[in-house]
Amino acid sequence: MSIGSNLIAARKAKGFTQEQLAERLGVSFQAVSAWERDAYLPEAGKLAALASALNISADLLLRGERRDWKLENPNFDPDHMYTWLKAKAHSLGLTQTLMKEMHNGQMRKSMVAAVPYRAHPLTLACHALAMGIVEDDVVSGLLLHDVLEDTCAAEKDLPVCERVRKAVRLVSYNTYAGRKAEIKPIYFANIAQDPLAALIKCIDRCNNLSCMPDGFSREKQARYVIDTERYVMPLLEVVKSIPQWNNAAWLLRYQLRTMLESYKRLL
């Protein structure tokens, strides 16, 4: 297939008209039409912009090598995880973990199907237990880590101890004043002062990276890889400072590093 044919297929897959794609690229729709008719090739700078706008690789645009993968939902069943987690909390005496869920009705971005947002914190809690971290503060902190950002809950009303409230506050961007890009160094520096917050952030990032292709644009994926390497990977040293979390730190480092290197090669 020609570049023009590949471009037509990718544009239609995104649901763009020639005019809509042209507007995103800052060119005329006649230019897009000419590319699709193979009248002439897009210049190098526009090729990268095209790939980004269509959320595909430049290689796919040039060569058209597409795999007819069957896309599966990368998230697990939240009802099953919730039932399992409640039973586990009862058996282990994790009293804070036995709280009510606080993301009911919210949804998470997905290319495959609508995913209840509660699947995310539940997965994090199950992840911690699967790594052998059987601590009420950790599991409850993971369940609550997005509550201050995504619900109307106030910190003082969180049904947990002050240690967990502090960690949840530290990992919540909306508790900081300023634009996200500007406060990011301060945000991560503060997390690095609190081992519980650092562990929560690392497990959270691990799950977000795992599900990233299901809801992030290629541009956001690239930014996320850079931020993970710059800010999140150093937090693993903070996690390692707690002896009982050493094994988890090793597993998280392996999971994060493997995903980062895979994304670098694919992006």
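Before going into details, it helps to say that this report is about the structure given with it. (Residues numbered from 1 in each chain as written. Predicted model: local features only at pLDDT ≥ 70, side-chain atom pairs only at ≥ 80, totals over all residues. Heavy atoms only, no water.)

1. Quick notes on the overall build of the protein chain
A tally of regular secondary structure across the protein chain gives 15 helices and 2 strands. Taken over the C-alpha atoms alone, the protein chain extends approximately 70 × 35 × 35 Å along its principal axes. Counting all 267 residues of the protein chain, 46% fall into the buried class. The long-range fraction of contacts in the protein chain, counting pairs at least 24 apart against all pairs at least 6 apart in sequence, stands at 62%. If you sum the accessible surface of the protein chain, you get close to 14000 Å²; carbon and sulfur atoms cover 54% of it. Across the protein chain, 35 positive and 30 negative side-chain charges occur, with their mean positions spaced 2 Å apart. (Helix = DSSP H or I, 4+ residues; strand = E, 2+ residues; numbered from the N terminus. Buried < 20%, exposed > 50% of the residue type's maximum accessible area, 1.4 Å probe, protein only. Contact = heavy atoms within 4.5 Å. Areas by Shrake-Rupley, 256 points an atom, 1.4 Å probe, with all protein chains shown as cover. Lys, Arg positive; Asp, Glu negative; His and termini not counted. Charge placed at Lys NZ, Arg CZ, Asp CG, Glu CD.)

2. A few points about the environment of Pro78
Mapping Pro78 onto the fold places it in helix α6 (residues 78-92). When its relative accessible area of 9% is taken as the criterion, Pro78 is described as buried. C-alpha of Pro78 to C-alpha of Arg118: the two residues are 40 residues apart in sequence and 6.6 Å apart in space. With sequence-adjacent residues up to four places away left out, Pro78 is seen in contact with Pro116, Arg118, Ala119 and Leu122.

3. Looking at helix α1 (residues 3-14)
Compared with an ideal rise of 1.5 Å per residue, which puts 12 residues at 16 Å, α1 spans 17 Å between its outermost C-alpha atoms and is within 8% of the ideal. All of the buried residues along α1 are Ile3, Gly4, Asn6, Leu7, Ala10 and Arg11. Angularly, the buried residues of α1 cover 160 degrees about the axis, an arc narrow enough to put them on a single face. Exposed residues pointing more than 90 degrees away from the buried face of α1 are listed as Lys12 and Ala13. Immediately beyond the C-terminal end of α1, within one or two residues, lies Gly15, with a positive phi of roughly 80 degrees. (Expected span 1.5 Å × (residues − 1). Arc of directions from axis to C-beta.)

4. Examining the packing of helix α11 (residues 180-191) against helix α13 (residues 218-232)
Interhelical geometry of α11 versus α13 gives an angle of 40 degrees and a closest axis separation of 11 Å. Our classification of the angle between α11 and α13 gives oblique. Residues Lys184, Pro185 and Phe188 of α11 form the contact with α13, whose own contacting residues are Asp227, Tyr231 and Val232. Residue composition of the contact of α11 with α13, grouped by class: 4 nonpolar, no polar and 2 charged. (Axes fitted to C-alpha atoms, helices over the stretch in contact; angles between N-to-C directions. Parallel < 35°, antiparallel > 145°, perpendicular 65-115°, else oblique. Nonpolar A, V, L, I, M, F, W, Y, C, P; charged D, E, K, R; others polar.)

5. Re helix α15 (residues 246-266)
Helical geometry: 3.6 residues make up each α-helical turn, so side chains three or four residues apart lie on a common side. Helix length check: α15 (21 residues) gives 30 Å between terminal C-alpha atoms against 30 Å at 1.5 Å per residue, within 8%. Within the span of α15, buried status applies to Ala248, Ala249, Leu252, Leu256, Met259, Leu260 and Tyr263. Taken end-on, α15 shows its buried residues confined to a sector of 115 degrees, consistent with a single buried face. Opposite its buried face, α15 presents the exposed residues Asn247, Trp250 and Arg265, each directed more than 90 degrees away. Where α15 is buried, its residues contact α7 (119-130), α12 (195-211), α13 and α14 (235-240).

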